[in-house]
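# Fold and geometry: a report
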Amino acid sequence: MKILVVEDSSSMRAYLMTIIEGGTESYDLEIVEAASGFEALKTLPHHKFDAILTDINMPDINGLELVSFLKNHPVYRAIPIMVISTESTEEDRRRAAALGAEEYLIKPFESSELVAKLRRILRVA
Amino acid sequence: MSREDDRARNEFTGEAEELLDTLSRDLVDFEAQGKNVRPELVNKIFREVHSLKGLAAMLGFAEISELSHNLEEMLDRLRMGKVAINRNLVDLLYDSVDSLNRLLLSINDPSLEGLVDLQGLTSRIHQVVSGGPDVKSDDALSSLTLDEHTLKSLTEYEEHRLMENVRSGKILLSVEVTFDFSDFDERLRALTAALIESGEVISTLPAIDATGGSGISFRLLYGTTLDEVAVSALAPEAKVVSLRAAKPSPVAAASPHVEVETPPGEPITASPDDEVSLRSVSQTVRVDISRLDHVMNIVGELIIEKTHLEAIARSLAGQRLISHELGKISRNLNRKLSDMQRSVIEIRLVPVGQIYSKLSRTVRKAARELGKEIELVLRGEDTELDKMMVEDLSDPLMHIIRNALDHGIEPPNQRIAAGKPAVGRITLNAYPQGNSVVLDVKDDGRGIDPARIREVALERGLITGDEPVDDTRAHELLFTPGFSTASVVSEISGRGVGLDVVKRNIQELKGSIEVISVPGEGTTFRIILPITLAIIQALIVGASSEQFAIPLTSVDESLRILAREIRRVERREVFTLRDTTIPLLRLSDAFGLPGREAEGPDTKWFVVVTRSGEKTVGLLVDRLVRQQEIVIKSIGQRLKSVPGIAGATEIGDGEIVLVVDAGSLIDEFGGRAREARALVK
């Protein structure tokens, strides 16, 4: 399985990867990182992702614009998306859900919470 | 705490430091732009604080998280137009960033804990937030022909900006472009940069290729004062459509969200060739500077090995074939080593602007304490210097700026009387000059008055009553230990330091400092530094039976003269170089070595003309050996205080030579020359 993590902060990205790697040891999981919406767009054609995790506040194009793109794309619309944001972007998270994002997570979160939600969208036990 | 958490925490301090640096720089721009601040900048500042908060909250830094959370809330209201921009807000932002910096430092240094008044800041933030203007909500968007889909894809902030643009009567346009997958990011950034010259790009929505090709389309919402025709001219590749409802609505049809039939599972792709290059997604790594030091040391040692090789090649001059081959290898090696060295040095270089933000914060504070108003102008922030040097520069620079504030800039009433603007101006300008970087700290104050310097020097017992003080001597006295009053306490270092310490700091960085002053018009302190300290170019010279290395940064030129060209003026040896009389110093004398046995009028000498600040001295040496790269190693504590020596280096063949510190040698020499002059009198 392959997931894409879109997050502009490198330490947050490292943190997310550590949690995901630790919580999904029993699966064969590959993580691809993108530091911006642009990088995410660039990397999409080259992988077949099973899930995408994205931040909302990012330069270039933000998480909402990315979700909108993905959920209106004939192929990518099938990839489940988890939006990771803080409570201050509550309204934007609501909008992401309206655009079709499957799951959301609010920072700060427990690592178990992230793993549980990720498993849910990946449909693995 | 787990190892992963530890790693994340280390990573955090690095990234947080960077975020705060950028934030401070953005605040300087924010302050400069005043009431007409660009919404993009406000949003960028918001995003930076937002990122910081997210990180701090995740990793359990409670205080940073709390403060950045409150700040974020205030900035969110600011970008939504719910907070007024005024002096109070700017001060609060600066103070907050200052406190965040302190909190960050206290993570690794517990002695700094408790220095931040979190409660005070929080209540100031709450005051600003509650005092903001009410924003009327109206139905500004109904005048636009925006499809439901685009509206739904706007963040709350983007929606606010869209309404603001409508309310302020801007022309709202949809700008649609389709780019190739391989370079859409660059081209889109270029387009955005061109557009924001005359407006605001409110949102950038990607979509599958509207032309049915294999590229990617973008729809930009653009608020501007230009009309469709002008924007079309600006972006010829784009399809520009007005969004005002008065016109027929072409938007829905032109929407890039056209569904193109693509077989499932087959992603849109640029070309298979791109696959490899696009795989690595993140473009930066953060590296501990000590690891770079280590690499640099290895490069340095390789250079020494290369010098060995060259020495062998030279000693084999009799065996032509071997010598020729060895020479070729050593030249190749030399080229590769230079490449490698340059790359490593480039990695170490950071923009000087990194300390500008710290400086401007401290200057604002210092000016407030002194009750003076000044404008700090920062230029050349992109000029690059070795990371370690940049760190070591902030104390000396701060001291010079404080000095300018204290002594240079006059009180407002005096300034007005002198026909100057009431607000003083201090300009910090950094620019490259050959292999060096120059930093000018310039004030428009009263300038240095030699008579006043003389008074102070007399008072402190640094000179005798009959010594005349001209400009040069006055500037020299400024840097003499004991001249500055110990009551000046540097904010950054927390110690009482004088300009003599500044000079020593700069000399330790192998740099020089000079003063240019015009009475009534102002003073410039000019610092000249090598770009890096790790490896420097040096001239190897021979004096008596010894060899010495002279850093090329302090060498103006070297030339051959005959003994008869050396003249004596007041017991001092001099020679004339293009109409200028230059004092000479025999290097063998300076280090107490025996002189030449027989010296006739035709004895050949070499003069190495060295410069430190405004002073020039010709060093008389027996031989010029060669130029080479050296790695300066520090020498023991015992020799540290010996003037004229910067350290030692190995120059190949295992030979260790002393590195001449031209600056301190010239100072010492100047001192002795004065003693000699005094004796004559």
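Only a predicted model underlies this, so the values are computations on that prediction, with no experimental measurement involved. (Residues numbered from 1 in each chain as written. Chains lettered and ligands numbered in written order. Predicted model: local features only at pLDDT ≥ 70, side-chain atom pairs only at ≥ 80, totals over all residues. Heavy atoms only, no water.)

Residue and element names in this part refer to chain B. At a minimum axis separation of 11 Å, helix α4 (residues 87-108) and helix α14 (residues 353-370) run at an interaxial angle of 120°. The pairing of α4 with α14 is recorded here as oblique in orientation. Here the hand of the crossing between α4 and α14 comes out left-handed. Listed contacts from α14 to Arg87, Val90, Asp91, Tyr94, Asp95, Val97, Asp98, Asn101 and Arg102 of α4 are Arg361, Arg364, Lys365 and Arg368. Grouping the constituent residues of the contact of α4 with α14 by class yields 3 nonpolar, 1 polar and 9 charged. (Axes fitted to C-alpha atoms, helices over the stretch in contact; angles between N-to-C directions. Helix = DSSP H or I, 4+ residues; strand = E, 2+ residues; numbered from the N terminus. Parallel < 35°, antiparallel > 145°, perpendicular 65-115°, else oblique. Left-handed = near helix turned anticlockwise from the far one by under 90°. Contact = heavy atoms within 4.5 Å. Nonpolar A, V, L, I, M, F, W, Y, C, P; charged D, E, K, R; others polar.)

Positionally, Ser65(B) belongs in helix α3 (residues 62-79). For Ser65(B), the contacting residues outside a window of four places in its chain are Lys53(B), Ala56(B) and Ala57(B).

The next point concerns α4(B). In a regular helix each residue adds 1.5 Å, so 22 residues correspond to 32 Å; α4(B) covers 33 Å between its end C-alpha atoms and thus fits that length. The element α4(B) is extensively covered by neighbouring structure, given that 16 of its 22 residues are classed as buried. (Expected span 1.5 Å × (residues − 1). Buried < 20%, exposed > 50% of the residue type's maximum accessible area, 1.4 Å probe, protein only.)

The predicted model of chain A has a mean per-residue pLDDT of 88, with 98% of residues at 70 or higher. For chain A, helix α1 (residues 10-23) of chain A is the element with the lowest average pLDDT, namely 84, and strand β3 (residues 51-55) of chain A is the one with the highest, namely 95. (pLDDT = per-residue confidence, 0-100.)

Residue and element names in this part refer to chain B. The residue aspartate 98 is located in helix α4 in this model. In this structure aspartate 98 comes out as buried when scored by relative accessible area, which is 17%. Each residue touching aspartate 98, except ones within four places of it in the same chain, is listed here: Arg361 and Lys365.

To continue, consider the confidence of the model for chain B. Residues and elements named next belong to chain B. Residues of chain B with pLDDT of at least 70 account for 84%, and the chain-wide mean is 79. For chain B, per-element mean pLDDT is lowest for helix α11 (residues 274-279), which scores 34, and highest for strand β3 (residues 216-224), which scores 92. Segment residues 673-681: pLDDT under 50, and 9 contacts once partners within four positions in sequence are set aside and those in other chains are kept.

All names here are of chain B. For strand β9 (residues 436-443), the tally of buried residues reaches 7 of 8 residues, placing the bulk of the element in the interior. Strand direction decides the pairing type here: strand β8 (residues 424-433) and β9, joined by 8 bridges, are antiparallel. Along β9, the bridge assignment pairs alanine 430 with leucine 439. In terms of strand pairing, β9 meets strand β11 (residues 522-530) through 8 bridges, oriented antiparallel. Looking at β11, one finds that valine 438 is bridged to isoleucine 528. (Pairing = 2+ DSSP bridges.)

All names here are of chain A. With respect to the element layout, lysine 117 can be found in helix α5 (residues 111-122). In sequence terms lysine 117 and methionine 82 are 35 residues apart; their C-alpha atoms lie 8.2 Å from each other. What lysine 117 contacts, discounting residues up to four positions off in sequence, is Met82, Glu103, Tyr104 and Leu105.

Take the pattern of salt bridges next. Evaluated as defined, the whole model comprises 36 salt bridges over all chains. In this structure, the salt-bridge partner of Asp60(A) is Arg189(B), at a minimum N-O distance of 2.8 Å. Here Arg189(B) lies in helix α8 (residues 184-195) and Asp60(A) lies in the loop between β3 and α3 (63-71), a pairing that spans two chains. Its relative accessible area of 32% is what places Asp60(A) among the partly exposed residues. Residue Glu159(B) pairs with Arg95(A) through a salt bridge whose shortest N-O separation is 2.8 Å. Of this pair, Glu159(B) sits in helix α7 (residues 156-167) while Arg95(A) is found in helix α4 (residues 90-99), placing the two residues in two different chains. What makes Glu159(B) partly exposed here is its relative accessible area of 21%. In this structure, a network of salt bridges that share partners links the residues Glu91(A), Arg94(A), Arg95(A) and Glu159(B). (Salt bridge = Lys/Arg side-chain N within 4 Å of Asp/Glu carboxyl O.)

Now for the packing of helix α12 (residues 289-315) of chain B against helix α13 (residues 320-348) of chain B. Residue and element names in this part refer to chain B. One can describe the packing of α12 onto α13 by two numbers: an axis separation of 10 Å at closest approach and a directional angle of 160°. Classified by the angle their axes make, α12 and α13 are roughly antiparallel. Relative to α13, α12 is oriented so that their crossing is left-handed. Tallied by class, the residues present in the contact of α12 with α13 amount to 17 nonpolar, 5 polar and 4 charged.

For the rest of this paragraph, the subject is a negative patch on the surface. A cluster of like negative charges, contributed by Asp29(B), Glu346(B), Glu381(B), Asp382(B) and Glu384(B), occupies part of the molecular surface. With respect to the element layout, Asp382(B) can be found in the loop between β6 (374-379) and β7 (384-386). (Patch = residues over 30% accessible without salt bridge, like charges linked within 9 Å, V, L, I, M, F, W, Y side chains within 5 Å. Areas by Shrake-Rupley, 256 points an atom, 1.4 Å probe, with all protein chains shown as cover. Lys, Arg positive; Asp, Glu negative; His and termini not counted. Charge placed at Lys NZ, Arg CZ, Asp CG, Glu CD.)

Residue and element names in this part refer to chain B. Ordered in space as β20-β12-β13-β22-β21, the 5 strands form an open sheet in which the pairing is mixed. Only two strands of the sheet have a single partner each, and these edge strands are β20 (623-630) and β21 (645-650). If you compare each strand with its neighbour and ignore which way they point, the axes differ by 35° on average. Relative to strand β13 (residues 546-551), strand β12 (residues 536-543) runs antiparallel, the two sharing 6 bridges.

Quick look at unusual backbone geometry now. For residues that are not glycine, phi is negative in most cases, and the peptide bond is trans in most cases. Each neighbour pair has its own omega, and for Lys107(A) with Pro108(A) the value is -5°, a cis peptide bond. Tracing the chain through its elements places Pro108(A) in the loop between β5 (103-107) and α5. At Ser544(B), a residue that is not glycine, the phi angle is positive and equals roughly 55°. In this structure, Ser544(B) sits in the loop between β12 and β13. In this structure, Asp579(B) is a non-glycine residue whose phi angle is positive, near 70°. In this structure, Asp579(B) sits in the loop between β16 (572-577) and β17 (580-586).

Residues and elements named next belong to chain B. If you walk across this open sheet you meet the 5 strands as β6-β8-β9-β11-β10, and the pairing is mixed. Since the sheet does not close on itself, it has two edges, and those belong to β6 and β10 (512-518), each with one partner. Strand-to-strand twist across the sheet, computed as the mean angle between neighbouring axes with direction ignored, equals 15°. α14 rests against β6 and β8 of the sheet, and its axis sits at about 170° to β6.

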